[in-house]
Amino acid sequence: MSDRPHELPTPEGEYFEAGRFAGLSLILGAVGFAALVVSMIGAAMQPLQFSYSWLFAFGYFFTLCAGCFFWAIVHHAVDAEWSVVVRRQLENIACLMAVLALLFIPIFFLRHHLYDWLNIAPGQDPALDKKRAYLNWNFFLIRTLFYFAFFIVASLVLRRLSVNQDRDGNPAFTIQMRKVAFVSLPLFALSLTFAACDWFMSLHYTWFSTMWGVYIFAGAAGSSMSLLVLVITGLRQAGYLREVVTREHFYIMGKWMLAFTIFWAYIGFAQYMLIWYANIPEETQYFLVRNTRSWWNLSMLLVFGRFFGPFVILLLQSIKQHPRQLAWMAAWILVMQMLDIYVIVLPALHGTGVHLSIWDFVSVIAIGCTLAFVYLRIIGRTSLFPVRDPRLIESIRIVN
């Protein structure tokens, strides 16, 4: 199965030629800018609909970037061998958190359209009054600033240390990155969990689930690994990383996609089953909306499209051994992750049924093209892989 290279990469590394893709970068930048301008018009014309559409798009890309950051810190924490050659792209995508922080600004301005708990005065709802120590704007703002500060600082520090190691191969950088990873792991768990509760679960302030953070994490980890497969496949199709990333690496990434497909389904079913069995009105309302009317169709599509289909396909060894076939599966999982976030956010606005809006598409295009444009701007500044990582040779020669 292996297609390991006969020659090892040169110490100078391999660099992305930005000039080759200047046209694509220009198109992404122009489309992203135009979509952002149109989004400003949408925020002025239909602030209620646009606020939910923007939160949906933001939540989708946030899970992808957060997931890539997770895989980067896990790589260092467990001293992984196989992921050395793909780690730089995880670092590049994780650094996009700085851009996402700017793209969160519209949610600040439109917060009163999203979160009903901001509009209810004390004393009007006893259930909300019991939660005001947590659900209040000042504390919400402080928590959000902390989430972004952590993700931005940690991701930039990891990437900077990784790039510095490219210069002289000093193993001390590996130790420093491992220390950053150890500190980041618990902070990542707390930040992702509370961000999921603040931004998504509080759309229904009377609803709660102790498994919510794990559910969001499961989707983020699986979809971000799928994104990594697509990015690496795209780079290889462009002629890069052919002497570094082999089918052995794709096989491992495919196994991780399968693992988190199962984990996502397990957490989703466990959450649903426990709430259904307890049958407490405050807990069941979330699923009642999504299991009725036209939302039921999307919920069933998510169950079969996010779990049963990928589970059966990814069980096949041949799929995980062929990069192109695995890339198609990865693209499908990314679509299902988008559907998952859509079903999480939009029913809070359209509880009576699915109502697609033009702003749903505009928001995805605006954020997606902006992130892709920035990614193309930073990918060429460093080698496409950590060229002097102490475990680079072992990673290239990995065999399953």
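Going by the structure above, here's the rest.
Nothing here was measured: the structure is a model prediction, and the numbers come from that model. (Residues numbered from 1 in each chain as written. Predicted model: local features only at pLDDT ≥ 70, side-chain atom pairs only at ≥ 80, totals over all residues. Heavy atoms only, no water.)

With that out of the way, let us pick up the environment of Met336. Locating Met336 in the fold gives a position in helix H15 (residues 323-345). For the pair formed by Met336 and Phe173, sequence separation is 163 residues and the distance between their alpha carbons is 38 Å. Not counting residues within four places of it along the chain, the set of residues in contact with Met336 comprises Leu301, Leu302, Gly305 and Arg306. (Helix = DSSP H or I, 4+ residues; strand = E, 2+ residues; numbered from the N terminus. Contact = heavy atoms within 4.5 Å.)

Between two packed helices, what matters for the description is the angle formed by their axes and the separation of those axes. Interhelical geometry of helix H1 (residues 22-45) versus helix H16 (residues 358-379) gives an angle of 145 degrees and a closest axis separation of 8 Å. Between H1 and H16 the crossing geometry is left-handed. Contacts from Leu24, Ser25, Leu28, Gly29, Val31, Gly32, Ala35, Leu36, Val38, Ser39 and Gly42 in H1 reach Trp359, Val362, Ile365, Ala366, Cys369, Thr370, Ala372, Phe373, Leu376 and Arg377 in H16. Here the contact of H1 with H16 is composed, by residue class, of 14 nonpolar, six polar and one charged. (Axes fitted to C-alpha atoms, helices over the stretch in contact; angles between N-to-C directions. Left-handed = near helix turned anticlockwise from the far one by under 90°. Nonpolar A, V, L, I, M, F, W, Y, C, P; charged D, E, K, R; others polar.)

This brings us to the environment of Asp129. As for its placement among the helices and strands, Asp129 is situated in helix H7 (residues 126-129). Separated by 105 residues in the primary sequence, Asp129 and Leu24 place their C-alpha atoms 51 Å from one another. The residues touching Asp129, leaving out its near neighbours within four places in the chain, are Pro122, Gly123 and Gln124. Within the structure, the side chain of Asp129 is placed 3.1 Å from the backbone nitrogen of Gly123, a separation counted as a polar contact. (Polar contact = N/O pair within 3.5 Å; in protein donor to acceptor, adjacent residues only side chain to side chain.)

In an α-helix there are 3.6 residues to a turn, and that puts residues three or four apart on one side. Its 32 residues place the ends of helix H8 (residues 137-168) 48 Å apart at the C-alpha level, agreeing with the 46 Å of an ideal helix rising 1.5 Å per residue. Where H8 ends, the next residue or the one after it, Gly169, has phi of about 70 degrees, a positive value. (Expected span 1.5 Å × (residues − 1).)

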